[in-house]
Amino acid sequence: MQVATMSSVEETENPFAALLQPSSQADGVSKQLIESILLFTLSKDVVDSNRKNSVLCLADVVVADNSAKDTLCEDLLAHALFERLMLTETTKYLIPGGTNRSEALETRAMIYLHGAFTRCERIKCDSNARDKQHCDRIIELILNNASTCMRQPDLFAPQNFSSQWLELFDQSDEHDTSTQEFLVRVACKVSEEDEPLEALGAIKAIFYPMLSELQKQLVKDNLISIRKNIFWILGYFVREKRAGILGELLIDYTTPNPKAKGGDYMDTLFGQLLSVSIMPKTQTAPYEFFREVSLVSQQTDTNLWQLLAHHQLSLFTLIKQLLVQSPETKKKTLQWIANCLDANVARGHLWSTVNINLEQTVHSTASDAFMTSLSAVLMRLCAPLCAPSMKVLLVDPTYCAVVDEERQSKGVSMLKAFEETCLLPAEEGEQRLTAAKYNFITEIFYLAHKAFELGNRACIERLTRMMRELQNTRNAYHEVATRDPNNDLTKNLLRMLQDQMQQVLCIRNGLGEPENDAAILKFFEASAIWLTEIAMLPRESYEAALDKMDFAPQILRNLELLSDTPPFVAPYMKSVPENIIDNIAAYLNFCRNFGGDQFIQLYTSSHDAFFKMILLFMGSADLVKNPHLRAKLADALEFLLPTQISGSNRKEFITHVFDRHTDRLQVVRCLLNVFVSIEMTGQSVQFEQKFNYRRPMYAIMEYLWTKQEHINCFRQLASEAESNMEAIEPPIFLRFINLLINDAIFLLDESLSNLEQIKQLQRAQDNGEWNNLSHTERQQQTTNLHHLGMLARFDNILGRDTINLLKLLTTEIKSIFCHNSMVDRIASMLNYFLLHLVGPQRERFKVKDKKEFEFDPAQTVLEIAHIYINLSSDNSFCLAVSQDGRSYSDQLFGYAENILIRIGGGQLIGDMAEFASKVQKMNADYKEEQELLADAPDEYLDPIISTLMTDPVVLPSSKVTVDRSTIQRHLLSDQTDPFNREPLTMDKVKSNEALKLEIEQWIEGKRNAARVKS
């Protein structure tokens, strides 16, 4: 009855006194639990020296409760708890006891409520049913007050709840689940008590300052110094699906304004995290790693790789949790990625790799570090698309056909996907097929490829250029250092060399981190399988897909390649972007050139996937319109050669695709298809690009020539060509060897011209003529010499490969080279080469440092001699050699014999002497025949080459009569009538049988007259 003894004054003056009136046990909360959890009491009892906890006595703050009851009214407890939160000086209310003095004295509201929540959760676990109910009531009061703190922070001024939350997050670890639970329950409580927008605004007001503080710290951090628990702290916002509002505030905080440029994304919280790498954070930031490099520096740093892998895995986990937390966070995260890629699309333009240091580019696009990290995150997100799950088969190939107006309704996040350059062009105004809706797997597939294109691919191109610059600097340094190792120029070049080496190592290591490399490889293997499956989809499967408006391949069919092009090409190939194939080719190129092939060596299933995809798309213009892209696939195919590759760091590569793959016998035809689709001469592409297109194709063909079954494929194509010499479309092998001969002539002419100019410049330099020039003129001459040297080097390498290939082909295939449409060309080409390399004028091309220009005339002479001998059994070839009025003379093979003796020609010397005799005799017989037929009427002569026709044909549109072999040769390079440029194919020409008979009778008459005379 202690309550009844209280004075009437106390009852009327204290608003909480009424709450002390008797109430049912059901409405009360255990005083013991209140003391253990909330660490306060309203009782003024004598201090218990055995008390387990320090508590505050709030009797004078709220109301004294000296009743004997063991519960306290819940409303009174609510008021008491609120008053407890408002206390700023707690020490004067302290009743000492136990070890938790600091917890009892805590004045920071959120820290105190979190502590109370944690204690309540702990006590609840070991409580009986009654106490569990009381704990639930206490938790509800705690959450109500925490919600008030979040929604009305001004009530608790000057408290800073942002810093209090940061402290809570900072002090927790993976064993502490109560902090996460407290945050989630508080966020949910705020959401319950406010409208969605108001609730989100209230939570943002508390957490934005905290996130801002974290972001400021990140600006100064690198891979080593970054705050160790940054991802643990950010994880609080995304780990729980119950509180999607937290993930929403995080993604909202890190989203720049809608008109943000690519570079602005680096200034966001996620941008700062993505920019942490082995590469510089921004385009203007210094290179921080590999500072102490020597000229034979260690190429990798496994410690840095481990740090980078851990960092990127943490980033991936954060983004993944956002994507699965709620539909809203998923939508906003995908939009963030899509907008970021769109804002950085300039990185994919060729000029950006050249002008990356220009002021406007620096600020308009994100850095290599940022973009490659974003790519790394997306590659990890694509893991379910890869083996063994192979969800890539659920990717719809029509994604890039969706126009902007339909993006939202069809679930397409990527901006301007419909502007992507696709494998096949759409007709003007054509409306391409689209699916009804696009799944997340399709979204992430295309976003990952776009991120690789803008991140890794642009970076690989830049690294390739930097490697060239590094090599030039290294050459210049060694040249100067050998002359004077201590002068200023040498020291400056050494510093420049070390700087360039550091830059190359930072970018190379950033791109080559093994875990990311494995993720990329598996994703590209899946992409190659997907490309093959959609390209080879049977017509009936396509028609079924058309009914469902879902064009994903669904299942793995793994059909065999039976021809150049699948029998049915689905219209959706007009929506498949080129960048998928381009990315795979760029990745394999990186593996070859920069020693990044450690994992691909072991991951042999990828070899089969890449091999099949390359064969299918490289060989078919019906699947890939762009011949340059098909040429890149030939470059990628070279990577799969189990041999050392010229100009590469790779020593050996173990693979069996050329021996065991089920589609291996298609490789020769596919290779010839792409070879002839890129006309090397007369195109407005840079010579270096032409060189790079041809070089890998020659390397592959040279390797194929070591395998009998592939040699048989070459022979089969040659036989097909001979059987179809007058087909509407010239046979592929005929076009191929015609192009080889064109290339060889073009390359030798260019090479000899450049070498002659180089010799003149070298002689002028040696004679001191350059000393009379101004500094600018000397520099110009040096530049000219360097440029001519580079061109000569390209010409000589490619010319050597062309001649070598002709040598290999003629060892097994002879008759097509000796066909009347080809024989004159190959004979005159060989004579022309031989005359320039062994004849009286050869001294014009004798330059210093022949090896520097890859000029090896002795080896070329040997190769040419082999070709002569390979074809020497055919009389038409021997006759054609002797009839070549431009280069052949009786002395030609004498010159050659002298050179062969000097360079050790061995058996070739005797073979060539025998061949020379045969040709000389044929030449004598031919001259006699020519004298006999010298007065042939003009109408018997070919109007193009002025020789006597043996098989005259009439051209349909111009009505001109020419020899069949002449027009066949012309149509290999140009399918028009040479007299009026009208389209023309061999099937349209008509034999002029009457004229043929007339010429034959005239020749027979001349021969009879000669016999009578003799």
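Details of the structure are given in the entry above.
About the cut-offs
- Residues numbered from 1 in each chain as written.
- Predicted model: local features only at pLDDT ≥ 70, side-chain atom pairs only at ≥ 80, totals over all residues.
- Heavy atoms only, no water.
- Helix = DSSP H or I, 4+ residues; strand = E, 2+ residues; numbered from the N terminus.
- Rg over C-alpha atoms; globule rule 2.2 N^0.38 Å.
- Buried < 20%, exposed > 50% of the residue type's maximum accessible area, 1.4 Å probe, protein only.
- Contact = heavy atoms within 4.5 Å.
- Areas by Shrake-Rupley, 256 points an atom, 1.4 Å probe, with all protein chains shown as cover.
- Lys, Arg positive; Asp, Glu negative; His and termini not counted.
- Charge placed at Lys NZ, Arg CZ, Asp CG, Glu CD.
- 1 Å grid on protein atoms, 1.4 Å probe; cavity = no way out; pocket = protein on both sides within 12 Å on 5 of 7 lines; lining within 4 Å.
- Points joined across faces, edges and corners; volume = space filled by probe spheres on them.
- Nonpolar A, V, L, I, M, F, W, Y, C, P; charged D, E, K, R; others polar.
- Pairing = 2+ DSSP bridges.
- Phe/Tyr/Trp six-rings, centres within 6.5 Å; stacked < 30°, edge-to-face > 60°.
- Lys NZ or Arg CZ within 6 Å of the ring centre and 35° of its normal.
- Expected span 1.5 Å × (residues − 1).
- Polar contact = N/O pair within 3.5 Å; in protein donor to acceptor, adjacent residues only side chain to side chain.
- Core = buried A, V, L, I, M, F, W, Y, C linked by side-chain atoms within 4.5 Å.
- Disulfide = S-S within 2.5 Å.
- Axes fitted to C-alpha atoms, helices over the stretch in contact; angles between N-to-C directions.
- Parallel < 35°, antiparallel > 145°, perpendicular 65-115°, else oblique.
- Patch = residues over 30% accessible without salt bridge, like charges linked within 9 Å, V, L, I, M, F, W, Y side chains within 5 Å.
- Salt bridge = Lys/Arg side-chain N within 4 Å of Asp/Glu carboxyl O.

> Can you help me understand the overall build of the protein chain in this one?
Tallying secondary structure elements over the protein chain gives 39 helices and eight strands in all. Here the protein chain has a C-alpha radius of gyration of 41 Å; the compact-globule value for 1014 residues is 31 Å, and the former is much larger. Projected onto its principal axes, the C-alpha positions of the protein chain cover 165 × 75 × 45 Å. Across the 1014 residues in the protein chain, those meeting the buried criterion constitute 54%. Of the contacts made within the protein chain by residues no fewer than 6 positions apart, 76% connect residues no fewer than 24 positions apart. Carbon and sulfur atoms make up 50% of the accessible area of the protein chain, which amounts to about 45300 Å² in all. Positive and negative side-chain charges in the protein chain, numbering 103 and 134 respectively, have mean positions lying 2 Å apart.

> When you look at empty space enclosed by the protein in this model, what are you seeing that I'm missing?
In this approach a probe as big as a water molecule rolls over the atoms, and the regions it shows empty are the leftover space. Tallied over the entire structure, the rule returns five cavities of 30 Å³ or more. The volume enclosed by the largest cavity comes to roughly 180 Å³. If you trace the largest cavity, you find 16 residues lining it, with Leu-748, Asn-796, Gly-799, Arg-800 and Thr-860 closest to the centre. Here the residues of the lining of the largest cavity sort into eight nonpolar, four polar and four charged. For the second largest cavity, the calculated volume is near 80 Å³. If you trace the second largest cavity, you find it lined by Met-725, Ala-727, Ile-728, Pro-730, Leu-734, Ser-821, Gln-968, Leu-971, Leu-972, Gln-975, Thr-985 and Met-986. Ranked by residues supplied to the lining of the second largest cavity, first place goes to helix 38 (residues 964-973) with three residues. By residue class, the composition of the lining of the second largest cavity is eight nonpolar, four polar and no charged.

> Looking at this structure, how should I read the layout of surface pockets?
Reported here for the second largest pocket is a volume of approximately 940 Å³. As for the second largest pocket, its lining consists of 31 residues, and the residues nearest its centre are Asp-824, Gln-883, Tyr-926, Thr-947 and Leu-948. Elements represented by at least two residues in the lining of the second largest pocket include exactly helix 33 (823-838), helix 35 (875-883), helix 37 (907-932), helix 38 and helix 39 (993-1013). Classifying every residue of the lining of the second largest pocket by side-chain character gives twelve nonpolar, ten polar and nine charged.

> Whenever I open this one, the sheet that holds strand 5 (residues 94-95) confuses me. Can you help?
Within a sheet, adjacent strands bond to each other through the backbone by hydrogen bonds, running parallel or antiparallel. Reading across from one edge, 2-3-5 is the order of the three strands in this open sheet, with mixed pairing throughout. Taken across any chain shown, the strands that pair with only one partner, and hence form the sheet edges, are strand 2 (40-41) and strand 5. As defined by bridge partners, strand 2 adjoins strand 3 (residues 55-57) across two bridges and the pair is classed as parallel. By the bridge assignment, Phe-40 is partnered in strand 3 with Leu-56.

> Is there a simple way to think about the packing of aromatic side chains in this case?
Any pair of aromatic rings gets described here by the distance separating the centres and the angle formed by the planes. Per the stated rule, a full pass over the model turns up 41 aromatic pairs. With a centroid separation of 6.2 Å and 65° between ring planes, the pair formed by Phe-551 and Tyr-572 is classed as edge-to-face. With Phe-551 in the loop between helix 22 (539-548) and helix 23 (579-593) and Tyr-572 in the loop between helix 22 and helix 23, this pair connects stretches of sequence that are 21 residues apart. Each member of the pair, Phe-551 as well as Tyr-572, is classed as buried. Centre to centre, the rings of Tyr-940 and Trp-1002 are 5.7 Å apart; their planes meet at 70°, and the pair counts as edge-to-face. Residue Tyr-940 is located in the loop between helix 37 and strand 6 (952-954), and its partner Trp-1002 is located in helix 39; the two are separated by 62 residues in the primary sequence. For Tyr-940, a relative accessible area of 6% gives the class buried. Take Trp-1002: its relative accessible area is 18%, and that puts it in the buried class. Members of the aromatic cluster, each reached through a chain of ring pairs, are Tyr-399, Tyr-438, Phe-445, Tyr-446, Phe-452, Phe-523, Phe-524, Trp-530 and Tyr-587. Sitting above the plane of the Tyr-112 ring, Arg-84 keeps its charged end 4.1 Å from the centroid. Lying across the ring of Tyr-832, Arg-886 places its NZ or CZ 4.3 Å from the centre.

> Honestly, helix 13 (residues 302-325) in this entry has me stumped. Any pointers?
The α-helix winds at 3.6 residues per turn, so residues separated by three or four positions along the chain end up facing the same way. When the terminal C-alpha atoms of helix 13 are compared, their 34 Å separation across 24 residues agrees well with the 34 Å that a helix rising 1.5 Å per residue should span. With a side-chain oxygen lying 3.0 Å from the backbone nitrogen of Asn-303, the N-terminal cap of helix 13 falls on Asp-301.

> Would you mind going over the nonpolar core with me for this structure?
Side chains that are nonpolar tend, in soluble globular proteins, to be buried together. Within the largest apolar cluster, 307 residues are counted, with the highest numbers of intra-cluster contacts made by Trp-165, Phe-617 and Phe-733. The element contributing the most residues to this core is helix 19 (residues 440-483), with 17 residues. Not counting chain neighbours up to four residues away, the residues in contact with Phe-733 comprise Leu-672, Phe-714, Leu-717, Ala-718, Ala-721, Leu-809, Ile-813 and Ile-816.

> I keep staring at the state of the cysteines and nothing clicks. Help me out?
What we call a disulfide is simply a covalent bond connecting the sulfur atoms of a pair of cysteines. In the structure shown here, the tally under the stated rule is zero disulfides. For the unlinked cysteine Cys-713, the closest cysteine sulfur is that of Cys-670, found at 10 Å. Take Cys-713: its relative accessible area is 11%, and that puts it in the buried class. Note on Cys-818: no disulfide assigned, nearest cysteine sulfur contributed by Cys-878 at a separation of 8.3 Å. Here Cys-818 falls in the buried class, since its relative accessible area comes to 8%.

> Help me understand the side chain of Thr-434, please; the structure alone is not making it clear to me.
By secondary structure assignment, the location of Thr-434 is in the loop between helix 18 (407-410) and helix 19. Judged by relative accessible area, which is 12%, Thr-434 ranks as buried. Thr-434 has contacts with Thr-398, Ala-401, Val-402, Glu-406, Lys-410, Met-549 and Phe-551, leaving out every residue within four places of it along the chain.

> Quick question: what am I supposed to make of the sheet that holds strand 8 (residues 990-991) here?
One open sheet accounts for three strands, arranged 7-6-8; its pairing is antiparallel. Edge strands, defined here as strands with exactly one partner in the open sheet, are strand 7 (961-963) and strand 8. Relative to strand 7, strand 6 runs antiparallel, the two sharing three bridges. Following the sheet pairing, Val-953 is matched in strand 7 by Val-962. Its contacts with the sheet place helix 38 against strand 6, strand 7 and strand 8, and it is angled at close to 85° to strand 7.

> Explanation requested: the packing of helix 13 against helix 14 (residues 327-343) in the structure shown.
Geometry of a packed helix pair, given as the angle between the helix axes and the separation of the axes. Viewed as axis vectors pointing N to C, helix 13 and helix 14 meet at an angle of 130°, and their least axial separation amounts to 5 Å. Our classification of the angle between helix 13 and helix 14 gives oblique. Here helix 13 contributes Ile-319, Leu-322, Leu-323 and Gln-325 to the contact with helix 14, which in turn contributes Thr-329, Lys-330, Thr-333 and Leu-334. Taken together, the residues of the contact of helix 13 with helix 14 break down into four nonpolar, three polar and one charged.

> Would you explain the environment of Asp-267 in this entry?
Of note, Asp-267 is situated in the loop between helix 11 (244-253) and helix 12 (269-274). Judged by relative accessible area, which is 52%, Asp-267 ranks as exposed. Setting aside chain neighbours within four positions, we find Asp-267 in contact with Gln-215 and Gln-272.

> Even after reading the chapter, I still don't get unusual backbone geometry, so can you show me in this structure?
Peptide bonds are trans in most cases, and residues, glycine excluded, mostly fall at negative phi. Look at the link from Ala-157 to Pro-158: it is a cis peptide, with omega at 5°. Mapped onto the secondary structure, Pro-158 falls in the loop between helix 6 (129-151) and helix 7 (161-171). The phi torsion at Met-549 lies on the positive side, around 55°, for a residue other than glycine. With respect to the helices and strands, the residue Met-549 is situated in the loop between helix 22 and helix 23. Given a relative accessible area of 33%, Met-549 falls into the partly exposed group. In this structure, Ser-946 is a non-glycine residue whose phi angle is positive, near 60°. Mapped onto the fold, Ser-946 is located in the loop between helix 37 and strand 6. What makes Ser-946 exposed here is its relative accessible area of 52%.

> What is the right way to read a nonpolar patch on the surface from this model?
Among the surface-exposed residues, Ile-944, Ile-945 and Phe-979 lie close enough to one another that they form a single nonpolar patch of about 240 Å² accessible area. Looking at where Phe-979 falls in the secondary structure, it is placed in the loop between helix 38 and strand 8.

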